[in-house]
Structure formats: C-alpha cells, structure tokens
Amino acid sequence: MMRKKAILITGASGEIGQALISSLSETSSLPILTLDLHPIPKDLLDVCTHISGDILDQKLLARLVTEFDFELIFHLAALLSTRSEFSPELAHQVNVDGTLALLQVAAEQSQRRGAPVTFIFPSSIAAYGMPDLGTKARDRSVKEWQWNNPTTMYGCNKLYCEHLGIYYSKYYQQLSASRPVMLDFRSLRFPGLISAYTVPSGGTTDYGPEMLHAAAQGKPYACFVREDSVLPFMAMPDAVTALLELASAPAESLHHSVYNVTSFSLSAADFRDQVARAFPDTRITFEPDLKRQGIVDSWPAELDDQAARRDWGWSPAYDLHRAFNEYLVPNIHKRYQR
Ligand code: NAD
Ligand code: AKB
C-alpha cells in the first residue's frame, strides 16, 4: 500500500495545536493529520483529519505508520507542569514514553523513506532550575546551557526528551555497520504563552492568561503568585511563527538542536497593571500558593534567545505593547462580547 504523505500534529486539541493548525493549513500543501485524546473544534475539521486517541496506544501508532509517510511531526502532546506534579508517574508516561514512541516512529520512517523526518518538540522554561531568588535576579537572562537543573517532573521530562531527540538525530544505532538516515530533531524552549482565544489549564504560567481572561469577563481573580514574581511570556501567534520558522529553517543554518525563544518579561504586578489598563473595573488580588510559587521562583526571569536570532532569524512580532494592545486585548474583548 502507498503511504500518504502528511504532517502529524500530536496534542493538536490543545492551545498551541489549535493555533498551529490554522496557520499551517494556510501555508502547507501536505495534508495535516491531528491526534489528541480530545476532539478538536469543529471549525478546524475542514483543514485536517483528526484522530481521537492516545499517543501511548502502540497499536494506533503502528497503524498510522502503515498508512502515512510523515515529512514533519509537531509533537505537542504533554501534561503541563502543575498537572504533572499531581500525577508525576502519569506525566512521565505521557511526556517521556509518549515522546520516545513518536521518536521511534520518526526514526523508522526516516530510514524507510531515505530522508529525515523533521521532528519539532516544544520544550519549556521548565527545563531550567534557578537555585534561589538571588541567583534568578543576578543571572536574569539565561542561555540554553545554563542552569539545566529542573525541579519539576515536567521540567525533568522536557530536558530529558531534548536529549532523547538529540540522541535519535545524531547517535541512533551508532554501533551498527551502516549508519541509518536519521530524523532531524529541532526543539524550542518556550516561555509562558498567552492566547486570546483559548484559556490554559494545568500549567504554572497560567496566572498571566487567567488574569486577562477573568478581567475580560468581569470576574474577580486571585493570582496564585506574589506580585514581584517575574517570568518571560510570549503571544501565541509568535509561538506558532517560531514553530513554523524553525521547521522550515535550512538544516545547515542550525548550529543547535534546542533554542530559547521569548518576547517580554514582566512581574505579576506589571501583568496586573497591563490588564487593569485595558479592563479598568478589574478586581485582581494576590493570594500566593507557596507550592506553585516555588515552581515560578525556580524558572528564569528571562530567556536569552540570541542563538535563535542568529541561526534562523527569530524575532517576535509582538513585544509587550503590541501583544496587549493589538492582539490580546482587542481579541479577548471580542471573544467575551459575543
Ligand atoms: P495543552 O495542555 O493545551 O495541550 C496539550 C494537549 O495534549 C491536550 O489537548 C491534551 O489532550 C493532549 N494530550 C495529553 N496527553 C495525551 C495523550 N496521552 N495522547 C494524546 N494527546 C494527549 O498544552 P499547550 O499549551 O498546547 O502545549 C503544547 C506543548 O507545548 C506541550 O508539549 C507543552 O509542554 C509545550 N509548551 C507549552 C507552553 C505554554 O505556555 N502553553 C510553554 C512551553 C511549552
Ligand atoms: C507550564 O506552565 O507548564 C507551561 C510551560 C511554561 O511550559 N506554560
């Protein structure tokens, strides 16, 4: 049977997945196959074929491999950081075993077709672990190789999967007589992402978008971190641009497998002020949850994304001002007015 060429997106029903499907379908000539435990919104069904299923289902993956020839895989399926702390073993299964299964699919398909499958993996600021607030303030902007000491199951999973991806793209079957064609692994370390159209769940950067979406609905919001907590953030359209640009960058321009990307950093108090400027009646209070606070304190205040800027021309379109004034506020306003 001839396998159908396709692009695979796992975790497609999530926040990034939904945004990615829309953009990818405008530019790609290949069919898009999506996989998630949950259905995707009906309006996206015109531009992709959706399979409801589990990435841990070996039989399902085996069937997909016999039917499709994937040129490109966006492996987004994961349990995010807060959720992973409540179910660490399940998180390990989904985040690590799931990624390993997908890497094996990509490795096998690269060999069969004699050309590398491009494997895009979204990693996270969770791969970092700052030892204390003094260090976080001193080493404000971290490079990819610094402070790789995650303190969460999710962060450990992300860091390890970056290494697994590098292994499969450079060293897989390194002792066999003939070296196989290997997959092409590329990863982005994202900051907290903020979408105007979807609300996050299960993450630890969620306080930012939650504040905004609550204010737009006229609901009070109790922020679960201290006012002085600083994290990097990025608007969802920039996350999608980063994924698409990294996927299409010429291999010879990439000097690394893992790249930081970011846009703006701000404290939770600054976030509140941005939200209050757009929604003056907003009622935001601060009621820190010490445990989630600990996770936020361990993540860097800024990401140094010079390598991405140098190698593949990364530059976010939405700085703080544009993100709030041109993307988030007008679109969130419209969303809840409807
Ligand atoms: P999300 O939680 O909105 O989406 C994840 C999706 O994965 C969900 O739709 C979920 O149903 C699916 N999923 C979970 N387990 C699955 C399984 N066993 N089989 C199939 N599907 C499964 O998260 P998101 O924000 O869209 O994130 C997508 C990816 O980007 C994740 O890998 C996440 O770690 C990474 N990331 C996100 C952010 C962010 O701020 N949103 C930041 C850094 C990295
Ligand atoms: C989370 O908070 O878990 C995610 C992330 C930064 O990876 N938003």
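Placed above this text is the structure.
Here is what the cut-offs are and how they apply
- Residues numbered from 1 in each chain as written.
- Chains lettered and ligands numbered in written order.
- Predicted model: local features only at pLDDT ≥ 70, side-chain atom pairs only at ≥ 80, totals over all residues.
- Heavy atoms only, no water.
- Helix = DSSP H or I, 4+ residues; strand = E, 2+ residues; numbered from the N terminus.
- Rg over C-alpha atoms; globule rule 2.2 N^0.38 Å.
- Buried < 20%, exposed > 50% of the residue type's maximum accessible area, 1.4 Å probe, protein only.
- Contact = heavy atoms within 4.5 Å.
- Areas by Shrake-Rupley, 256 points an atom, 1.4 Å probe, with all protein chains shown as cover.
- Pairing = 2+ DSSP bridges.
- Axes fitted to C-alpha atoms, helices over the stretch in contact; angles between N-to-C directions.
- Disulfide = S-S within 2.5 Å.
- Near = heavy atom within 4 Å.
- Polar contact = N/O pair within 3.5 Å; in protein donor to acceptor, adjacent residues only side chain to side chain.
- 1 Å grid on protein atoms, 1.4 Å probe; cavity = no way out; pocket = protein on both sides within 12 Å on 5 of 7 lines; lining within 4 Å.
- Sits in = over half its atoms within 2 Å of the grid points.
- Nonpolar A, V, L, I, M, F, W, Y, C, P; charged D, E, K, R; others polar.

Asks: Any chance you could explain the overall build of the protein chain here in plain terms?
Replies: Helix and strand counts for the protein chain stand at twelve helices and 14 strands. The globule rule puts the C-alpha radius of gyration for 338 residues at 20 Å, and the 20 Å found for the protein chain is close to it. Looking at the protein chain residue by residue over its 338 residues, the buried ones come to 55%. Long-range contacts, defined as pairs at least 24 residues apart, comprise 76% of the intrachain contacts of the protein chain with a sequence gap of at least 6. Counting every atom, the protein chain has about 14,900 Å² of accessible surface; 53% of that belongs to carbon and sulfur.

Asks: Would you explain the sheet that holds strand S10 (residues 230–235) in this entry?
Replies: Backbone-to-backbone hydrogen bonds pair the strands of a sheet. The strands run either parallel or antiparallel. The strand order across the open sheet built from three strands is S8-S10-S12, with neighbouring strands paired in mixed fashion. Edge positions in the sheet fall to strand S8 (192–194) and strand S12 (264–267), since each of these pairs with one other strand and no more. Strand-to-strand twist in this sheet, taken as the mean axis angle between neighbours without regard to direction, amounts to 45°. Contacts from helix H12 (residues 320–337) reach S8, S10 and S12 within the one sheet, and its direction differs from that of S12 by about 90°.

Asks: Hey, could you run me through the state of the cysteines in this one?
Replies: Think of a disulfide as a covalent bridge from one cysteine sulfur atom to another cysteine sulfur atom. Per the stated rule, a full pass over the model turns up zero disulfides. Here Cys 156 is not disulfide-linked; the sulfur of Cys 161 is the nearest cysteine sulfur, at 11 Å. Overall, Cys 156 belongs to the partly exposed group, its relative accessible area being 36%.

Asks: Just checking my understanding: could you explain the site of ligand 1 for this structure?
Replies: Taken together, 25 residues form the shell around ligand 1, and within it Ile 16, Asp 36, Asp 54, Tyr 154 and Lys 158 come nearest. Take Leu 76: an N or O atom from its main chain is 2.9 Å from an oxygen atom of ligand 1. Starting from 820 Å² of accessible surface for ligand 1 in isolation, the protein chains cover 91%. The pocket occupied by ligand 1, as judged from atoms lying within 2 Å of grid points, is the largest pocket. Looking at the shell around ligand 1, the elements that each hand over two or more residues are helix H1 (15–27), strand S5 (118–124), helix H6 (153–170) and S8. Take the shell around ligand 1: its biggest share by element is three residues, from S5. When its residues are assigned to classes, the shell around ligand 1 shows 13 nonpolar, eight polar and four charged.

Asks: I would appreciate a short explanation of the environment of Met 182 in the present structure.
Replies: Within the element layout of this structure, Met 182 appears in the loop between H6 and strand S7 (184–190). A residue is classified by how much of its surface remains accessible, and Met 182, at 16% relative accessible area, is buried. Each C-alpha atom, one on Met 182 and one on Ala 216, is 47 Å from the other, the two residues being 34 residues apart in sequence. Not counting residues within four places of it along the chain, the set of residues in contact with Met 182 comprises Ser 110, Pro 116, Tyr 168, Ser 169, Lys 170, Tyr 171 and Tyr 172.

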